[in-house]
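# Structural features, examined
Each chain, letter by letter, is given below.
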There are 6 protein chains.
Amino acid sequence: MTSERSMIGTTVDYNADGKQFGHLMVPNSRNESAWGTLMLPIVCIRNGDGPTMLLTGGNHGDEYEGPLAILKLLRRIDPARFNGRLIAMPALNLPAMRADARISPIDNGNMNRSFPGHPRGTITQRIAHYVWSELMPLADCVIDLHSGGHSLNFVPSAVMHELDDKDMMARAEAALRAFGAPISLQLKELDAVGMLDTAAEEMGKLFISTELGGAAMVTPETVGVTDRGLDNLLKHFGMLEGEPTPPEQPTRMMNTPDGAFTMSTADGLYEPVVELGEEVEAGQLLGRVHFVEEPEREPVEFHAAIGGVLYSRRVQGWTARGDTLAVVARDLPGA
Amino acid sequence: MTSERSMIGTTVDYNADGKQFGHLMVPNSRNESAWGTLMLPIVCIRNGDGPTMLLTGGNHGDEYEGPLAILKLLRRIDPARFNGRLIAMPALNLPAMRADARISPIDNGNMNRSFPGHPRGTITQRIAHYVWSELMPLADCVIDLHSGGHSLNFVPSAVMHELDDKDMMARAEAALRAFGAPISLQLKELDAVGMLDTAAEEMGKLFISTELGGAAMVTPETVGVTDRGLDNLLKHFGMLEGEPTPPEQPTRMMNTPDGAFTMSTADGLYEPVVELGEEVEAGQLLGRVHFVEEPEREPVEFHAAIGGVLYSRRVQGWTARGDTLAVVARDLPGA
Amino acid sequence: MTSERSMIGTTVDYNADGKQFGHLMVPNSRNESAWGTLMLPIVCIRNGDGPTMLLTGGNHGDEYEGPLAILKLLRRIDPARFNGRLIAMPALNLPAMRADARISPIDNGNMNRSFPGHPRGTITQRIAHYVWSELMPLADCVIDLHSGGHSLNFVPSAVMHELDDKDMMARAEAALRAFGAPISLQLKELDAVGMLDTAAEEMGKLFISTELGGAAMVTPETVGVTDRGLDNLLKHFGMLEGEPTPPEQPTRMMNTPDGAFTMSTADGLYEPVVELGEEVEAGQLLGRVHFVEEPEREPVEFHAAIGGVLYSRRVQGWTARGDTLAVVARDLPGA
Amino acid sequence: MTSERSMIGTTVDYNADGKQFGHLMVPNSRNESAWGTLMLPIVCIRNGDGPTMLLTGGNHGDEYEGPLAILKLLRRIDPARFNGRLIAMPALNLPAMRADARISPIDNGNMNRSFPGHPRGTITQRIAHYVWSELMPLADCVIDLHSGGHSLNFVPSAVMHELDDKDMMARAEAALRAFGAPISLQLKELDAVGMLDTAAEEMGKLFISTELGGAAMVTPETVGVTDRGLDNLLKHFGMLEGEPTPPEQPTRMMNTPDGAFTMSTADGLYEPVVELGEEVEAGQLLGRVHFVEEPEREPVEFHAAIGGVLYSRRVQGWTARGDTLAVVARDLPGA
Amino acid sequence: MTSERSMIGTTVDYNADGKQFGHLMVPNSRNESAWGTLMLPIVCIRNGDGPTMLLTGGNHGDEYEGPLAILKLLRRIDPARFNGRLIAMPALNLPAMRADARISPIDNGNMNRSFPGHPRGTITQRIAHYVWSELMPLADCVIDLHSGGHSLNFVPSAVMHELDDKDMMARAEAALRAFGAPISLQLKELDAVGMLDTAAEEMGKLFISTELGGAAMVTPETVGVTDRGLDNLLKHFGMLEGEPTPPEQPTRMMNTPDGAFTMSTADGLYEPVVELGEEVEAGQLLGRVHFVEEPEREPVEFHAAIGGVLYSRRVQGWTARGDTLAVVARDLPGA
Amino acid sequence: MTSERSMIGTTVDYNADGKQFGHLMVPNSRNESAWGTLMLPIVCIRNGDGPTMLLTGGNHGDEYEGPLAILKLLRRIDPARFNGRLIAMPALNLPAMRADARISPIDNGNMNRSFPGHPRGTITQRIAHYVWSELMPLADCVIDLHSGGHSLNFVPSAVMHELDDKDMMARAEAALRAFGAPISLQLKELDAVGMLDTAAEEMGKLFISTELGGAAMVTPETVGVTDRGLDNLLKHFGMLEGEPTPPEQPTRMMNTPDGAFTMSTADGLYEPVVELGEEVEAGQLLGRVHFVEEPEREPVEFHAAIGGVLYSRRVQGWTARGDTLAVVARDLPGA
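Going by an unreviewed UniProt entry, chain A carries the name N-alpha-acetyl diaminobutyric acid deacetylase DoeB and comes from Ferruginivarius sediminum. Check the Cofactor (unreviewed entry) section of the UniProt entry for chain A; it says "Zn(2+)".

So, about the overall build of chain A. When its secondary structure is counted, chain A shows six helices and 19 strands. Rg of the C-alpha trace for chain A: 20 Å, near the compact-globule value of 20 Å for 335 residues, within the 12% margin. With the principal axes as the frame, chain A shows a C-alpha extent of 65 × 50 × 35 Å. Across the 335 residues that make up chain A, the buried fraction comes to 55%. Within chain A, residue pairs in contact and separated by at least 24 positions form 69% of the contacts whose partners lie at least 6 positions apart.

Before going further, it helps to spend a moment on the interface of chain D and chain C. Note: interface size is frequently given as the accessible area lost on complex formation between the parts. Across the contact, 34 residues belong to chain D and 34 residues belong to chain C. Contributing elements (two or more residues each) for the side of chain D that touches chain C: β3 (37-47), α1 (65-76), α6 (220-236) and β13 (268-272) of chain D. Here the side of chain D that touches chain C takes four residues from α1 of chain D, the largest share from any one element. Taken together, the residues that form the side of chain D that touches chain C break down as 25 nonpolar, four polar and five charged.

Turning our eyes to something else, we now look at the sheet that holds strand β15 (residues 285-290) of chain F. Residue and element names in this part refer to chain F. Taken in spatial order, the four strands line up as β16-β15-β13-β18 in an open sheet, and their pairing is antiparallel. Taken across any chain shown, the strands that pair with only one partner, and hence form the sheet edges, are β16 (300-303) and β18 (318-319). Relative to β15, strand β13 (residues 268-272) runs antiparallel, the two being bridged by four bridges. Each residue of the ladder has a partner; that of Y270, found in β15, is V289.

Here the focus is the interface of chain E and chain C. Taken together, the 14 residues of chain E in the interface contact 18 residues of chain C. Ranked by residues supplied to the side of chain E that touches chain C, first place goes to strand β3 (residues 37-47) of chain E with three residues. Across the side of chain E that touches chain C, the residue classes break down as six nonpolar, six polar and two charged.

It is worth spelling out the relation of the copies chain E and chain C at this point. Between chain E and chain C, the superposition needs a rotation of 120° and an axial shift of 0.0 Å, giving an RMSD of 0.0 Å. With respect to symmetry, the two chain copies, as superposed, fit the operation of a three-fold axis. Among all C-alpha atoms of chain E, that of D107 of chain E lies closest to the rotation axis, at 6.2 Å.

With that settled, the discussion passes to the environment of Y311 of chain A. Residues and elements named next belong to chain A. By secondary structure assignment, the location of Y311 is in strand β17 (residues 308-314). Judged by the 24 C-beta atoms lying within 10 Å of it, Y311 is buried. In sequence terms Y311 and A326 are 15 residues apart; their C-alpha atoms lie 7.6 Å from each other. Those residues within four positions of Y311 in sequence are excluded, and the remaining contacts are F154, V155, I183, T256, V327, V328 and A329.

Residues and elements named next belong to chain A. Under the domain assignment, chain A is made up of domain 1 (9-254) and domain 2 (256-331). If you average the C-alpha positions of domain 1 and of domain 2, the two centres end up 30 Å apart. Contact residues are listed per partner, giving 15 residues for domain 1 and 12 residues for domain 2. For the side of domain 1 that touches domain 2, the class distribution of residues is nine nonpolar, five polar and one charged.

With that settled, the discussion passes to the packing of helix α1 (residues 65-76) of chain F against helix α6 (residues 220-236) of chain F. Residues and elements named next belong to chain F. In contact at an axis separation of 9 Å, α1 and α6 are set at 50° when each is read in the N-to-C sense. Taken together, the axis directions place α1 and α6 in an arrangement best described as oblique. Note that α1 runs across α6; the crossing there is right-handed. Judged by residue contacts, E65, G66, L68, A69, K72 and L73 of α1 engage T222, V223, T226, D227 and L230 from α6.

Regarding chain A and chain E, the two do not touch, and the least distance separating their C-alpha atoms is 10 Å. Separated without contact, chain C and chain F have their nearest C-alpha atoms at a distance of 10 Å.

On to helix α1 (residues 65-76) of chain E, then. The end-to-end C-alpha separation of α1 of chain E is 16 Å, in line with the 16 Å expected for 12 residues at 1.5 Å each. Of all 12 residues that make up α1 of chain E, nine are buried, and the element is covered over most of its length.

You can overlay chain D on chain C at an RMSD of 0.0 Å; the transform is a turn of 180° with a shift of 0.0 Å along its axis. Overall, the copies show the geometry of a two-fold rotation axis. Considering only C-alpha atoms, the residue of chain D closest to the rotation axis is A215 of chain D, which sits at 3.3 Å. Most of the interface of chain D is mirrored in chain C: 100% of its interface residues are interface residues there too.

Attention now moves to unusual backbone geometry. Here the amide bond leading from F115 of chain E into P116 of chain E is cis, since omega sits at 5°, within 30 degrees of zero. Within the element layout of this structure, P116 of chain E appears in the loop between α2 (94-98) and α3 (123-135). Phi angles above zero are rare outside glycine, and A216 of chain A is one such case at about 60°. Tracing the backbone shows A216 of chain A in the loop between β10 (206-211) and α6 (220-236).

Right, let's talk about the sheet that holds strand β18 (residues 318-319) of chain B for a bit. Residues and elements named next belong to chain B. In space, the four strands of this open sheet follow the order β16-β15-β13-β18, with antiparallel pairing throughout. In the strand order of this sheet, the two ends are held by β16 (300-303) and β18, each with one partner. Direction of pairing for strand β13 (residues 268-272) relative to β18: antiparallel, over a ladder of two bridges. Residue pairing in the sheet places G268 in a bridge with T319 of β18.

This next bit is on helix α6 (residues 220-236) of chain E. When the terminal C-alpha atoms of α6 of chain E are compared, their 24 Å separation across 17 residues agrees well with the 24 Å that a helix rising 1.5 Å per residue should span. All buried positions along α6 of chain E are accounted for by T222, V223, V225, T226, G229, L230, D231, N232, L233 and L234 of chain E. Its buried side turned inward, α6 of chain E meets α1, β6 (141-145), β8 (157-161) and α4 (166-179) of chain E together with β13 of chain F. G238 of chain E sits one or two residues past α6 of chain E and shows a positive phi near 75°.

Definitions and limits used
- Residues numbered from 1 in each chain as written.
- Chains lettered and ligands numbered in written order.
- Predicted model: local features only at pLDDT ≥ 70, side-chain atom pairs only at ≥ 80, totals over all residues.
- UniProt positions renumbered as here; feature names shortened; annotations may be inferred.
- Helix = DSSP H or I, 4+ residues; strand = E, 2+ residues; numbered from the N terminus.
- Rg over C-alpha atoms; globule rule 2.2 N^0.38 Å.
- Buried ≥ 20, exposed ≤ 12 C-beta atoms within 10 Å, placed from the backbone.
- Contact = placed C-beta atoms within 7 Å.
- Nonpolar A, V, L, I, M, F, W, Y, C, P; charged D, E, K, R; others polar.
- Pairing = 2+ DSSP bridges.
- Least-squares fit on C-alpha atoms with pLDDT ≥ 70 in both.
- Domains from an automatic or database assignment.
- Axes fitted to C-alpha atoms, helices over the stretch in contact; angles between N-to-C directions.
- Parallel < 35°, antiparallel > 145°, perpendicular 65-115°, else oblique.
- Left-handed = near helix turned anticlockwise from the far one by under 90°.
- Expected span 1.5 Å × (residues − 1).

Here it is in structure tokens:
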């Protein structure tokens, strides 16, 4: 965590009122353009003295609900009927998105393992550093929209973390309930170093993430959950008028305890036998890995270690040893 | 269409009774192995004097319902209770499947544009040639199982072609009805040259294809449709005992007339507003392409040219000019 | 030269009057888009009963004078004041142009060695085949605009070939004089098979090519030569009103006899000592190749085999054995 | 800035008199050669007690005037008629030069963002560290020769920086005037961290850089400017006998104030309308970006924000959003 | 087999007396050099009216005994003491050799599956075509020197084919005995289409090949066998004076009958238990494939199907399903 | 050297008795698997209170004697007849081994330059860090098995370092003598930073390495030396019963003084004239580099700077400037 300033400039004035569409100007010297720049879209909407929300999508390049919902929201908002400040970046890892990929093809950077970044590091680290050093300090709350990408699919959900600060946890839970996704997940992150999440929380910001679908696609349903969720959050924080619209089914507060994750122990073709959102019992068959190069070989079976709801599953049929096949979520006690 | 013989050998005796698991031995001289071989799985089950079915999957490497259903079927069949001969290849383009890709990373070969192949061509062309010259002539019917792969998703369906031979068309339609997929599509192929389909039909074989899902994944539902469909086909042809199990909803005979296809005219992020299987009217909004690098720009809208059912849609959010976004199918008149 | 029809469709009606901006729709099935299309820009301007010109640029992707001049011309022409038909493709090898490269990154295709192409070949071969089978037959004259690309630089010039048909040669020379480039080159092509040039000439069309600059860049001067040259050609053929504008210096009719080409016999750094357009004498030093990894080694010198004008030179300092370093052109006897 | 010593060895004795051609031995363990070495050319010429000049080229691999002029100078100098010590490296980033590229294909390293380097870092960082830790301390002045490379073209110029040390600035300006390039640029570097320039200046060395042409080529003119400039510098420092040869036109002292840089805001084909070295007025059209995939679309125009001389321009026609299109330089007040 | 002429030129006059070092000039238009040439070394030594030998090495790029022995031979021969004509190409697939690889990185061409080639095909096909159309017709005998390359190792051997022409077989056997390698192999080629061997034999030329070692290296022993073998062949044909030098151990005439080849049926690490040249009995253990990712799993064992001598073995520990692990040769009956 | 803990988990309990086959679970988030894991094989055998040996192979992925001997040893050991604890990793850089390469294709990491690693670094650095932070502290001795890989070949040897701690050196020499390789090398490592060796020695562990063959292959002889050497080491440390089996020829204690290494100064084809294990005299010819693109050019000769035994040689014929061609070892004085 250096004190050096970012070399990234911006065409947006974060203190000006109204709606500004602009870019971060990220120096990107390369073979094709010695004095080239990566122009990263950023939008600032400001009116009145309400809170500041930093809203990001495309942290991973192949997770599309967030970017689409942000683009729609930005055109939808009338600054005159807005209260506070929204700073939105719909494509945090734009080079990855252009490649329909999780990580950046420029530097193989996983943006969500790159925080707090570095002003002289790779392109991915420089973007992370700008967000961390220039944008997060302006924010009261930070919303980072994820989905499953090419390899995972999720029951649409909003996510908060277990924190030591119980007051912050209560505020996060209230925001999750306002968002109103089918599942609200309270997560104990194991590998939190480098995440935007951790960077925001360590700075004392209210932080909410999501997992809103997957398979690198969006559906009318998952975009709908995201559109309504973002509106609800802005209403919840008083930035838009009105009350959050409750979902048809109340959100389910859940977590993913020990035993929630099932990983493949073999290379082969994955056949799931339980679909997303179905209830599973401990010991129940979740799926099989078949051996296409050895058709005579019996498939390996994978069973749930705990009961609950199938919260996430692997997408591609082709599966490698060590890939996550299934995640089971459990209702929070007392939730 | 050369008369040269294939250099590919096989470890299977197509005239022997019983169940044999074996390989095609495809010479594959390369930097890493001067005298290397691609071992392509093939299975032959034979008993009695019933018909011969050639059953293939993995023609495109990222279409997994077929390969999985074939692997399950092959272990399930008891040769003693079987009538005829089943020659099955679960991974026609195995190098593509290992790469979770449509086409072969060895030679960029699209297997389904490579028929009748060539005994001295690329690996993909050599495999196609073996299937065409050695396996197809043995078959009474040819079943080639496809799904949508990484870029398309389909309502599970079985597919036949419009043919000049009306008797053959009647036999194909009967097989489609036996298969019992939610949709039975009668297709007028525009670009039929090089397809396994065309090669089989030109040889006078009964030919059935499928589109059984997509997004490079399988679901319990789509595997279920495939499992039942294959059983039904084998019963329909008298190769397994019993009657085909009818689906819960009768299959819908449809086609894709002019105006069925909608292509993107812009690069951007695709937001569908209609889901697979939904009814659409002519002129109805199907989706929008948004411009993530220019958030201020209005998205481009795409509308249905004809009414019917949304039969197929693009998967990935990231979309290029010229990509197929949506295919609408229409009930066959009188079907 | 197959008689099969192209699978490429078009959104333009070549028989309609007025100015139409459209696309060729080239099927491009690939991992990212199973049912994808390469949309290739094409423009048709028609009015009255004048001749048909087929005008192409971007045959090689990094030669930019042609594409820029065509784009400017297409917007400049008023169909009401036009006579005949102009069919223009500013980016024949669009995938190469997107990569700022000579050849296509899709199939490594050199478009100008791909004629007459094939309707079932690679993308490059399919485009060539469409141009050959659908567009060339419509044309009275074919103009294909080249420059030097990344590796060569030229004195701006228009080019015709030595032909057996002396009448056609006279028509071509008249067109060259109308174009009015600093040099008008009469070329004896050594390796003519596969070229668009040859395909057009064998079909009996008047054919003109150009070499309008190079180093993958354009200059105001080279664009100016091209703008004026195209206007002049259209006036020469009576498709635009008025007389061709003569250049300030009359064009010089030249050729490149035996000894015109100098190739490097060593790998190293090229230092030219003569600039484009300078007069050279036989035996004069043209340049040296230096050895940067062996600074003590004397450079190799290259001398002109014939006298004339330095018509073309290698661009990049880094040079490989066998690269063309210099081309000397000589005034045509009696020209 | 570690105190660890470099692992790079040298075959040259920097304290010996005479002319030595040798190599830096950079350990380069890789798949093809477990105990391999990158041999980097270095030359030391010493005689008498004059000053030490460190002279480098090929900091970026596709900038050729410097390497060529250094190679010629090294063979030209007679040590007996030399005073002082010249340590010259004609190809600082030799792996990049072998690839005709700006940055190293081994580690994607931009040498001029890698200073002061690290003895255990990438190959590029190790070379930078050797130069910084072993060569710079020996030097009185450091001369690093750049050109525009593949993507930029420059009016040949020598460059110094605005420094706090006014005495050093006066010495640098005197050296620039001795060099005698058409333009002498006084630069306020915005992104100076990691540059060889900064490393040298922070060590208290007199530092001069250049921009001597571009487009990855050299011309007789730009090599001539470089040859004469190097001779003049050595005479200016008393290392060669005689007085610097003044240029035909006196050098113009200029700088690049706010507004000097114009970047593209669109992807497309760049058409410049002003050539290098031409005078421009504020507001004047500099060029246009055309849309070859949408020929009907009007090009975007780019205008000069300030008046002056067109000092630098983009080379390639194909241009991406964020690429520098033009740089305007202004005469220094009072210069 | 087209009748078109090759576009490849040569700097050598095959009818001139003396020793000429020259090149084939293979047009190689590419992104880096629009008018580039691959310069392929060729040497012609001629004196008197003796026979013509075409001698080639580097048909596969990573087989080095042949190229080294040819280079040594060419410098060793005194044309004045030579009788006949030697046309030698030490690096038939030079691009592959520069990459230390079997096949060409330019076009993935396996030279020895590319005959008779095509004058308009890939670079590899063009070279093959030149050899076939221009050089082979000049030759009385054709000698093509191979080794095992990266993936195979051989007991040094000379190789002839079983032919219908018994007289030609007798001449080939005599040449093999003159060469004097440890093993002389009489081969029944299974996949002979496209080989230089077949092309030469179909043209009625005496043809000899070799397998002289492997693992992409040479040893003093294998170079020695090759040096002596080439001298012996030239003496045998009366092109050099004197008698062939007999080897210390008489050559063993062998063949590779059915059962000679053992292929891996598993991916893993190969441990051979028999060394090259050892006698093996039918049923004897040849080696094992171990599973490094599953250390608990028992290795798969591979046994000899026939008895004889271990003639060839796989090199790399890492082994894929289908790779040739071992080849056993057997003494020819009556040999 | 951070104090952060590793994110890598393990399925093995290092404190449990018996033989456990398990994996390190290395998080490996990537495009194909957002929540993927690299499963790295690890085996723990424990019985009684004897010492702990950490035994590693596959530090470089193409060095196969170690991995094979470890796999065989692990299955061979009966825990009931074992004393102490063996923690074995047969494939430290498993991704490199899967690619038959020295370094990891995931991150280009050279494992043996990556110690002590970092818990948040690249995959290679994370594995190194786990070994350093979790496994080395448990060990009394550390044995890391190397061979020459694709580019080097060695006389089979065990290796220790010159250390300041003379008692540790005596213990290492005793272990080397117990191992009983043909050569026992006492090495003064020049570039020791980052090596597993250094990390172990700095932690005060007894450390032994090996160089057991090369060319990316194994031979029955080199596997035999390794099998016996590992058994001997375990007996020497009292972990297996019995006395070490002495080799047929006593091991030779040697070192590699100044002048031991010969590097190529030219690109070309390497012809060695001395074989591994042969005695050489100072000044003796070791080999030549030939110029296949310039057959007329005399080869460059390389001579031994010191006398001794040819301990190591380059494998591939194709050789680059700076590659190590030969290493000569000398008997230790008094050894």
